[in-house]
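Architecture and fold: a report
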Amino acid sequence: MTKIEKIVLSYSGGLDTSIILKWLQETYGCEVVTFTADLGQGEELEPARAKAEMSGVKDIRIVDLREEFVRDFVFPMLRANALYEGQYLLGSSIARPLIAKHLVGIAREVDADAVAHGATGKGNDQIRFELAVNALDPSIRVIVPWRQWTIRSRMQLLEYAEKHRILVPSDKRGEAPFSIDANLLHTSTEGKILENPAEVAPDHVYQRTVDPIDAPDAPEIITIGFERGDPISVNGKAVTPAALLTKLNGLGGRHGVGRLDLVENRFIGMKSRGIYETPGGTILLAAHRGIESITLDRAAAHLKDEIMPRYAELIYNGFWFAPEREMLQALIDHSQAFVSGEVTLRLYKGSASVISRASPCSLYSADLVTFEESAIAFDHHDAEGFIRLNGLRLRSLAARNGR
Ligand code: ARG
């Protein structure tokens, strides 16, 4: 095995990666560069800098990736209306390829031989990080302390922290925290009492949404503008991608929009239970479907819906930088050329409902669909022939089957 001279660590400043930093320095006796991504996790990042400094890190990178995250990862995914297993908006899944991309970029810049991450051996995140690094630069090694060291549980992790005088964060109630992953798209919470899917999640699990029961009694009406499939404005005001999602998170959170209690199938093989809060993303999914409903052709829309589960699974499983994801993305992006206009939604006690939509590129024709008399030529006799021919097989089958 060749000696490792320099490692770039994906570092949040939390318990796991603080321990990993120490462990890497001790195990490899080499320089560790820390990389902390600001993905809008809503957490101060300066403490991460201070902790890295205290651990003797010379090269500390804290990078604001919020705009890139939303513009180049969240929005392309939203164009597909992507949901894993019908419900999960992929908030953690979509962040990993972006973090990996920057880990690789920094590793090249500082001439490091390896990158390291703090994802455990049981989860999806390790797969996403490593598949992305494989795709972007196979010459870079990936060090995964959770698969190499002898620590096997959170309990042992806490013991290691105590021994090395590493500060153990606790939640508001002074207890060990859940396993939380947060960014501008979502907050996911796993572990502890949630590991029993028969237990109801306690209220203090939720971080950024109110309980719909406690949401305001008055509904709030909002309008979102779209251009070529991407949201560009809220209530008529043009905003950047990250500002738009931040704004919708605030609005949705206040109305209890986007809570999800889910048991999902991890790529690695086991089922897991998590609580997700995706307020802005939930509003955007409803709004995007709303604008597509008047601007997409039927067959185009149905084809998108057919490939969506496949596309979502690729992202969930960590294949963002794989050719098949890029091919599906090209198809999805092509479909969005006319997905422009405005959608109005009502936020009310946990729901985000589309109440109107309008577009200069609309395919909707009131003249065509109207129950009243209309100027557009539509020969009702055509419908008779249409049904007679579609029914041809069914009549043959019924005659044979003796229905
Ligand atoms: N189960 C979700 C997923 O696989 C969330 C993972 C959250 N990650 C974490 N480090 N807590 O996408």
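Residues numbered from 1 in each chain as written. Predicted model: local features only at pLDDT ≥ 70, side-chain atom pairs only at ≥ 80, totals over all residues. Heavy atoms only, no water.

With that settled, the discussion passes to the site of the ligand. Taken together, the neighbourhood of the ligand is formed by 13 residues, with Tyr 88, Asn 124, Asp 125, Glu 190 and Glu 264 sitting nearest. Here a nitrogen atom of the ligand sits 2.9 Å away from a polar atom, N or O, in the side chain of Asp 125. One of the side-chain N or O atoms of Glu 190 is found 2.7 Å from a nitrogen atom in the ligand. Among the residues forming the shell around the ligand, the class breakdown is three nonpolar, five polar and five charged. (Near = heavy atom within 4 Å. Polar contact = N/O pair within 3.5 Å; in protein donor to acceptor, adjacent residues only side chain to side chain. Nonpolar A, V, L, I, M, F, W, Y, C, P; charged D, E, K, R; others polar.)

With that out of the way, let us pick up the packing of helix H3 (residues 66–79) against helix H9 (residues 279–295). Running from amino to carboxyl end, H3 crosses H9 at an angle of 50°, the nearest separation of the two axes being 10 Å. Our classification of the angle between H3 and H9 gives oblique. Read as a crossing pair, H3 and H9 show a hand that is right-handed. Across the interface between the two elements, Phe 75, Leu 78 and Arg 79 of H3 pack against Leu 284, Leu 285, His 288 and Glu 292 of H9. Of the residues assigned to the contact of H3 with H9, the class counts are four nonpolar, one polar and two charged. (Axes fitted to C-alpha atoms, helices over the stretch in contact; angles between N-to-C directions. Helix = DSSP H or I, 4+ residues; strand = E, 2+ residues; numbered from the N terminus. Parallel < 35°, antiparallel > 145°, perpendicular 65-115°, else oblique. Left-handed = near helix turned anticlockwise from the far one by under 90°. Contact = heavy atoms within 4.5 Å.)

Attention shifts here to the nonpolar core. Ranked by internal contacts, the top residues of the largest apolar core, which has 74 residues, are Val 8 and Phe 69. Ranked by the residues each element gives to this core, the list is headed by helix H4 (residues 95–109), at eight residues. Discounting residues that sit within four places of it in the chain, Val 8 has contacts with Val 33, Phe 35, Leu 103, Ile 106, Ala 107, Val 110, Ala 112, Ala 114, Val 115 and Ala 116. (Core = buried A, V, L, I, M, F, W, Y, C linked by side-chain atoms within 4.5 Å. Buried < 20%, exposed > 50% of the residue type's maximum accessible area, 1.4 Å probe, protein only.)

For the rest of this paragraph, the subject is the sheet that holds strand E10 (residues 237–238). The strand order across the open sheet formed by five strands is E10-E9-E8-E13-E14, and the pairing between neighbours is antiparallel. Two strands lie at the open edges of the sheet, namely E10 and strand E14 (351–358), each paired on one side alone. Sheet analysis places strand E13 (residues 341–348) next to E14, joined by seven bridges and oriented antiparallel. In the sheet register, Leu 347 faces E14, and the bridge partner there is Ala 352. (Pairing = 2+ DSSP bridges.)

Positionally, Val 263 belongs in strand E11 (residues 259–265). For the pair Val 263 and Ala 37, spaced 226 residues apart in sequence, the C-alpha separation works out to 28 Å. Ignoring sequence-local partners within four residues, the contact set of Val 263 consists of Glu 85, Pro 197, Lys 271, Ser 272 and Arg 273.

Here the focus is the packing of helix H8 (residues 241–254) against H9. Direction vectors running N to C along H8 and H9 enclose 100°, while the axes themselves pass 7 Å from each other. For the element pair H8 / H9, the angle class is roughly perpendicular. Each of Leu 244, Leu 245, Leu 248, Asn 249, Gly 252 and Gly 253 in H8 lies in contact with H9, whose residues at this interface are Pro 279, Gly 280, Gly 281, Ile 283 and Leu 284. Across the contact of H8 with H9, the residue classes tally to six nonpolar, five polar and no charged.

Now for a nonpolar patch on the surface. Residues Leu 368, Ile 376 and Phe 378 make up a contiguous nonpolar surface patch of roughly 290 Å² in combined accessible area. With respect to the element layout, Phe 378 can be found in the loop between helix H12 (366–369) and helix H13 (380–390). (Patch = residues over 30% accessible without salt bridge, like charges linked within 9 Å, V, L, I, M, F, W, Y side chains within 5 Å. Areas by Shrake-Rupley, 256 points an atom, 1.4 Å probe, with all protein chains shown as cover. Salt bridge = Lys/Arg side-chain N within 4 Å of Asp/Glu carboxyl O.)

In this section: helix H7 (residues 154–163). All buried positions along H7 are accounted for by Leu 157, Tyr 160 and Ala 161. One side of H7 carries all its buried residues, which in axial view fall inside an arc of 100°. Exposed residues pointing more than 90 degrees away from the buried face of H7 are listed as Met 155, Glu 159, Glu 162 and Lys 163. Its buried side turned inward, H7 meets helix H1 (15–28) and helix H6 (145–148). Where H7 terminates, the next one or two residues include Arg 165, which has phi positive at roughly 50°. (Arc of directions from axis to C-beta.)

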